[in-house]
There are 2 protein chains.
Amino acid sequence: MLHVAEAARVSVATVSALINGTATVSPELSQRIEQAIRDIGYKRNAIARSLKMGTTRTIGLTVPHITNPFFTDVVSVIQQAFDRAGYAVMLCCTDEDLNTQDDQIRLLLDRMVDGLIVARVGDGAILKRIVDDANVPVVLLDRICEGVDTDAVVLDNQRAVFDAITYLINLGHRRIGYITGTSDISPMHDRMAGYREALHAAGLPIAEELIRFGNFHEIDGYNATMQMLSSHDRPSAIFSANNPMVIGTMKAIRDIGLSCPEDISVACFDDFPWSDVFQPQLTTVAQPVQAIGEQAANLLLDRLAGNRDAPPRKLLLKGRLMIRNSCRPHGATVQSVSA
Amino acid sequence: MLHVAEAARVSVATVSALINGTATVSPELSQRIEQAIRDIGYKRNAIARSLKMGTTRTIGLTVPHITNPFFTDVVSVIQQAFDRAGYAVMLCCTDEDLNTQDDQIRLLLDRMVDGLIVARVGDGAILKRIVDDANVPVVLLDRICEGVDTDAVVLDNQRAVFDAITYLINLGHRRIGYITGTSDISPMHDRMAGYREALHAAGLPIAEELIRFGNFHEIDGYNATMQMLSSHDRPSAIFSANNPMVIGTMKAIRDIGLSCPEDISVACFDDFPWSDVFQPQLTTVAQPVQAIGEQAANLLLDRLAGNRDAPPRKLLLKGRLMIRNSCRPHGATVQSVSA
DNA sequence: AACGCTAATCTAAACGTTTCGATCATGTCA
DNA sequence: TGACATGATCGAAACGTTTAGATTAGCGTT
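Residues numbered from 1 in each chain as written. Chains lettered and ligands numbered in written order. Predicted model: local features only at pLDDT ≥ 70, side-chain atom pairs only at ≥ 80, totals over all residues. Heavy atoms only, no water.

A. Seen up close, the overall build of chain A. When helices and strands are counted, chain A shows 12 helices and 12 strands. Against the compact-globule benchmark of 20 Å for 339 residues, chain A has a radius of gyration of 26 Å, which places it well outside the compact range. The dimensions of chain A, computed from C-alpha atoms along their principal axes, are 90 × 40 × 30 Å. A buried classification covers 54% of the 339 residues belonging to chain A. Looking at chain A alone, contacts between residues at least 24 apart form 70% of all its contacts between residues at least 6 apart. Entry remark: accessible area of chain A is about 14,300 Å², with carbon and sulfur atoms responsible for 51%. A gap of 4 Å separates the mean positions of the 32 positive and 39 negative side-chain charges of chain A. (Helix = DSSP H or I, 4+ residues; strand = E, 2+ residues; numbered from the N terminus. Rg over C-alpha atoms; globule rule 2.2 N^0.38 Å. Buried < 20%, exposed > 50% of the residue type's maximum accessible area, 1.4 Å probe, protein only. Contact = heavy atoms within 4.5 Å. Areas by Shrake-Rupley, 256 points an atom, 1.4 Å probe, with all protein chains shown as cover. Lys, Arg positive; Asp, Glu negative; His and termini not counted. Charge placed at Lys NZ, Arg CZ, Asp CG, Glu CD.)

B. Spatial organisation of the protein's contact with DNA strand D. In the region of DNA strand D, 23 residues are neighbours, and S16 and R49 of chain A together with T14, T24 and S26 of chain B sit closest. The sugar-phosphate backbone supplies 75% of the atoms of DNA strand D found within 4 Å of the protein. A distance of 2.8 Å is found between a phosphate oxygen of DNA strand D and a side-chain nitrogen or oxygen belonging to R49 of chain A. Take the surface near DNA strand D: its biggest share by element is 4 residues, from helix α4 (residues 46–53) of chain A. A class-by-class count of the residues in the surface near DNA strand D yields 10 nonpolar, 7 polar and 6 charged. (Near = heavy atom within 4 Å. Polar contact = N/O pair within 3.5 Å; in protein donor to acceptor, adjacent residues only side chain to side chain. Nonpolar A, V, L, I, M, F, W, Y, C, P; charged D, E, K, R; others polar.)

C. Seen up close, the packing of helix α6 (residues 98–110) of chain B against helix α7 (residues 125–133) of chain B. Residues and elements named next belong to chain B. One way to put it is that α6 packs onto α7 with a least axis distance of 11 Å and a crossing angle of 5°. Classified by the angle their axes make, α6 and α7 are roughly parallel. Contact residues: D102, I105, R106 and L109 in α6; I126, L127 and I130 in α7. Its residues placed into classes, the contact of α6 with α7 shows 5 nonpolar, no polar and 2 charged. (Axes fitted to C-alpha atoms, helices over the stretch in contact; angles between N-to-C directions. Parallel < 35°, antiparallel > 145°, perpendicular 65-115°, else oblique.)

D. Main features of the domain arrangement of chain A. Domain boundaries in chain A define domain 1 (2–44), domain 2 (55–155 + 289–317) and domain 3 (157–287). Summarising the inter-unit geometry, the C-alpha centres of domain 1 of chain A and domain 2 of chain A are found 38 Å apart. (Domains from an automatic or database assignment.)

E. Structural context of the relation of the copies chain B and chain A. Of the two same-sequence chains, chain B is brought onto chain A (RMSD 0.1 Å, axial shift 0.0 Å) by a rotation of 180°. Look at the turn and shift together and you get a two-fold axis relating the two. Of all interface residues in chain B, 100% are interface residues in chain A too; the two copies therefore contact each other through one and the same surface. (Least-squares fit on C-alpha atoms with pLDDT ≥ 70 in both.)

F. The arrangement of a nonpolar patch on the surface in detail. On the surface, a cluster of nonpolar side chains totalling about 290 Å² of accessible area is made up of M1, L2, V12 and I19 of chain B. Turning to its location among the elements, V12 of chain B is positioned in helix α2 (residues 12–20). (Patch = residues over 30% accessible without salt bridge, like charges linked within 9 Å, V, L, I, M, F, W, Y side chains within 5 Å. Salt bridge = Lys/Arg side-chain N within 4 Å of Asp/Glu carboxyl O.)

G. The arrangement of the pattern of salt bridges in detail. Counted according to the given criterion, the structure contains 34 salt bridges over all chains. In this structure, the salt-bridge partner of E262 of chain B is R328 of chain B, at a minimum N-O distance of 4.0 Å. A residue pair is termed long-range when its members are at least 10 positions apart, and E262 of chain B in the loop between α11 (243–255) and β9 (265–269) and R328 of chain B in the segment after β12 (320–322) qualify at 66 residues. Between D276 of chain B and R324 of chain B there is a salt bridge whose closest N-O contact spans 2.9 Å. With D276 of chain B in the loop between β9 and β10 (283–286) and R324 of chain B in the segment after β12, this residue pair connects regions lying 48 residues apart in the sequence. Given a relative accessible area of 10%, R324 of chain B falls into the buried group. Among the charged side chains, a salt-bridge network with shared partners connects D151, D302, R303 and R313 of chain A.

H. Spotlight on unusual backbone geometry. Cis peptide bonds are those with omega within 30 degrees of zero, and the linkage from C260 of chain A to P261 of chain A qualifies with 5°. With respect to the helices and strands, P261 of chain A occurs in the loop between α11 (243–255) and β9 (265–269). The residue after Q279 of chain B, namely P280 of chain B, is reached through a cis peptide bond having omega -10°. With respect to the secondary-structure elements, P280 of chain B resides in the loop between β9 and β10. Look at D270 of chain A: it is not a glycine, yet its phi comes out positive at around 80°. Structurally, the position occupied by D270 of chain A is in the loop between β9 and β10 (283–286). For R57 of chain B, which is not a glycine, the phi torsion comes out positive at approximately 50°. Relative to the elements of secondary structure, R57 of chain B occurs in the loop between α4 (46–53) and β1 (58–63).

I. Fine view of α6 of chain B. End to end, α6 of chain B covers 18 Å across 13 residues, agreeing with the expected 18 Å (1.5 Å per residue, within 8%). Of all the residues in α6 of chain B, the buried ones are Q101, D102, Q104, I105, L107, L108 and L109 of chain B. The inward-facing, buried residues of α6 of chain B contact α5 (69–84) and β2 (88–93) of chain A together with β1, β2 (88–93), β3 (115–118) and α7 of chain B. Between a side-chain oxygen at the N-terminus of α6 of chain B and the backbone nitrogen of N99 of chain B the separation is 3.2 Å; the capping residue is D97 of chain B. Looking at the residues trailing α6 of chain B, positive phi occurs at M112 of chain B, about 60°. (Expected span 1.5 Å × (residues − 1).)

J. Expanded view of the protein's contact with DNA strand C. Surrounding DNA strand C, one finds 22 residues, the nearest of these being T14, T24 and S26 of chain A together with S16 and R49 of chain B. Contact distances for DNA strand C include 3.0 Å between a base nitrogen and a side-chain N or O atom of K52 of chain A. Within the side chain of R49 of chain B, a nitrogen or oxygen atom sits 2.7 Å from a phosphate oxygen of DNA strand C. The set of elements that each furnish at least two residues to the surface near DNA strand C consists of α2 (12–20) and α4 of chain A together with α2 and α4 of chain B. Examining the composition of the surface near DNA strand C, we find that 4 residues originate from one element, α4 of chain B, more than from any other.

K. Representation of the pairing of strand β7 (residues 211–214) of chain A. All names here are of chain A. Examined bridge by bridge, strand β6 (residues 176–181) and β7 share 4 bridges and lie parallel to one another. Bridged to I179 within β7 is R212. Crossover β6 to β7 through helix α9 (residues 186–201) is right-handed. (Pairing = 2+ DSSP bridges. Right-handed = clockwise from strand over helix to strand, strands pointing away.)

L. Expanded view of the sheet that holds β10 of chain B. Residues and elements named next belong to chain B. If you trace the 6 strands from one edge of the open sheet to the other, you get β7-β6-β8-β9-β10-β12, paired in mixed fashion. The sheet is open, and its two edges are formed by β7 (211–214) and β12, each paired on a single side. When the angles between neighbouring strand axes are averaged without regard to direction, this sheet yields 20°. Here helix α9 (residues 186–201) sits on the sheet in contact with β6 (176–181), β7 and β9, set at roughly 170° to β6.

M. Representation of the side chain of S30 of chain A within the structure. All names here are of chain A. Structurally, S30 is set in helix α3 (residues 27–40). Taking the relative accessible area as the measure of exposure, S30 reaches 12% and is therefore buried. A polar side-chain atom of S30 sits 3.2 Å from the main-chain carbonyl oxygen of V25. The residues touching S30, leaving out its near neighbours within four places in the chain, are L18 and V25.

This is the structure we're talking about:
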C-alpha cells in the first residue's frame, strides 16, 4: 500500500479510504490510485488488516470425521454459507479424540477466528473453559454440551430413534439389537433414550445383551454385530445409531452367512446418497442436513453481525424415517413388505 | 504480551525470547514470566506473529465438491497430514465453477496462506496467472493444468480406464456406453482417451452416440443413461467416469425397468465405502486416496520446509480395478460371473 | 476582508508480535 | 587492576494496515 501511495503521490490514508470507501476521495486522486494499484498489482494484506481490525473474517469448524456422510454434507453446506458471506472456513477433524479437539480449538483461537462451529467430542469440561475465555461466539453442532450455554442446533434424537424402533416393533420385532457410540455425547445418549422409551412404551423388556457400544467406526459395528449374531438367541432386527458402523453390521451379516432383509432387518441413523439405489435399500433416519448446516451458519453469522448479547438459542430439528426395504415383518418369508 | 512483560517486570523482548526459545533467559526470569503467563492466561496472537514473520502456517485447499467421495477422502487425508505438521487448512469448494474458484483462490491468497493445494476447475489461464504472481508454492491435485508448471499428483487416468474398458470387452461387451464430465479438465480428457484406446485396441468401432457428457452431478448421469437406454440399439454395459453420476445411472436403470447386472453391466470411476456391502456390488476403479492425499501434502510440506527451487515434481499414481459383481459376461443369464 | 463551514487530504499512532543492535553486569585473564 | 569476552536483558524499529484528529483548500456569508 505504501508503494501504491508513493506511485500515486498520495498518502496511505487516502489509499485506504478509497479501497474501503470510508471517505470520499476526489476523482483525480481516485484515478491515480486505481492506476497505481493496477500497475503494481497491489493486493491488500488481510493479515495486517486483521491485526488492526481485530477480525479475520474466518471461522473455525471442527467435526469428528469428515468421512461420516452426515458431517460431509453438513460441512459442505456450512462451507457454502460462509463462502457466500465472504468468510473463510478453517476445517479441523478431531477424530473423536478429546486431546486432538482441544489442540485444534486452541489452534483456531490462536489464529483469531471470529467464530467457531463445533461438533464436539468427549466431555465438555475443557470445551466449556475454552468457550468461556475465548470471547468469540460458538455454536454447537449436532452435539450439545452440559454446562456450555451457547447457541446450538441439534436433532431431536430421542424422538427420531423412538420412531424408528417403534416402526420395527410394529413390524413384529421383539428382540432388537442396538449398536451405539459411547454415551458421553448427547446424540448417543438421547438416541439410546429413544430406544429404551420405544421398548418401554410397547411393554417390551430391555435386554442389555442386545445393546453394544462401539467407537463410531465400521470395525466397531462389525464386532458388535458379530457378537450379537453369534448368540443363541439372536435379534431379528438391528438398529445402528451411527452410519459408518452400519457398514460393519452389513459386512458381519454377510460374513456370518445371513442376509438382509430375509434373515434380519437393519435400520440405521443418518441417510446417505446411495441408500436409494443399492440393495437392500436401507431404512434410515435422515437428518435434515441442509437445514442443520444453514441454521448453524445463520446462528453464527447473526452473532458475527453484532448480535452478541441475545440469549443462547437452541434449535431442535426433526429427523425423518426413510422407510425402504431393509426391514421386514418378523417371521415373514415372502417378498412383500406389507405389514 | 505487554501485560505479561509488565507483570513479570521484564521487557517484551525477553518474553518473546522465552516463548520461542530464541535466546537463553535466566531461570528466575523464566519462572516469573511463566507465572505471569499463567496468571494472565496469555495466548500468543498468531495474527500479529504472521504479520511480522510473513508466514501463517495455514494452507488453502480447494476442491470441486467435498461430497464427491473421492474428494471427501482426499480432503480428510490432507487435513490430517497438515494437522500433524501444525498447519491449519482453509477449505473451499468451487462447485465446478471457474469464477467461484478464482474468487476463492484470491481470498486464500489475501489471507496469506503459505501454500495451496488445488483440484482445479475450468481452463487454466487464470489459475496460471494467479499461480505465477502469487509466490506461494502450489500443488495441483487430481487435475493437472496446461502451462502451469508446478508440483502435481494425479492418477494415470488413461491407463485406469483402459483397464476397466478392456475388462468389459473381455466379458464380451461390444457396445459400451461412456458417461463423462466436460473434457476441459485433464482427468476427463485422459479417461476418455483410455476408453477410446481400449476400443481401438480391441478393434471395436467407436460409436459417438454412446459417449455422453454431463456436469459431474447425479442428474447428469441420470439423463445421459436415460438417453442411451431409450435408443433402439442400447449398450450392454455402461462406464461412468465419475462417481456421483453413477448414482444417476443406477437410478435410470431402475426407473426404466431394467436391472443391473442382469440386463446391463455397470462400472465406474472412484470407489466408495459402501461398494462392498450392497447389491449390486459395483465394479469400480479405486484411486489410492490415502497415497494421493499424503503425496500432495508431502510435496507442499517439502516446499514449505524451504525446498523452493527444486524443479516441479509430477507424481503419477496407479488406479486399481476393483472387480465385483455389477458386470456380467455379455449375453449371460446365469448367476456365475466366470467369463 | 474576515469568518466559518465543508470536503479532501494528510500525519501519526496503534494493533501484537519478532529481532537487531545496544547496554550492562559478571567473571577471566594478562 | 584494567581490558575483554560472555551472557542476559532491553529499547526500539518493523511488519502493513486502519483511523482519529489535524491540516488545508475552497467557497459562500456578512
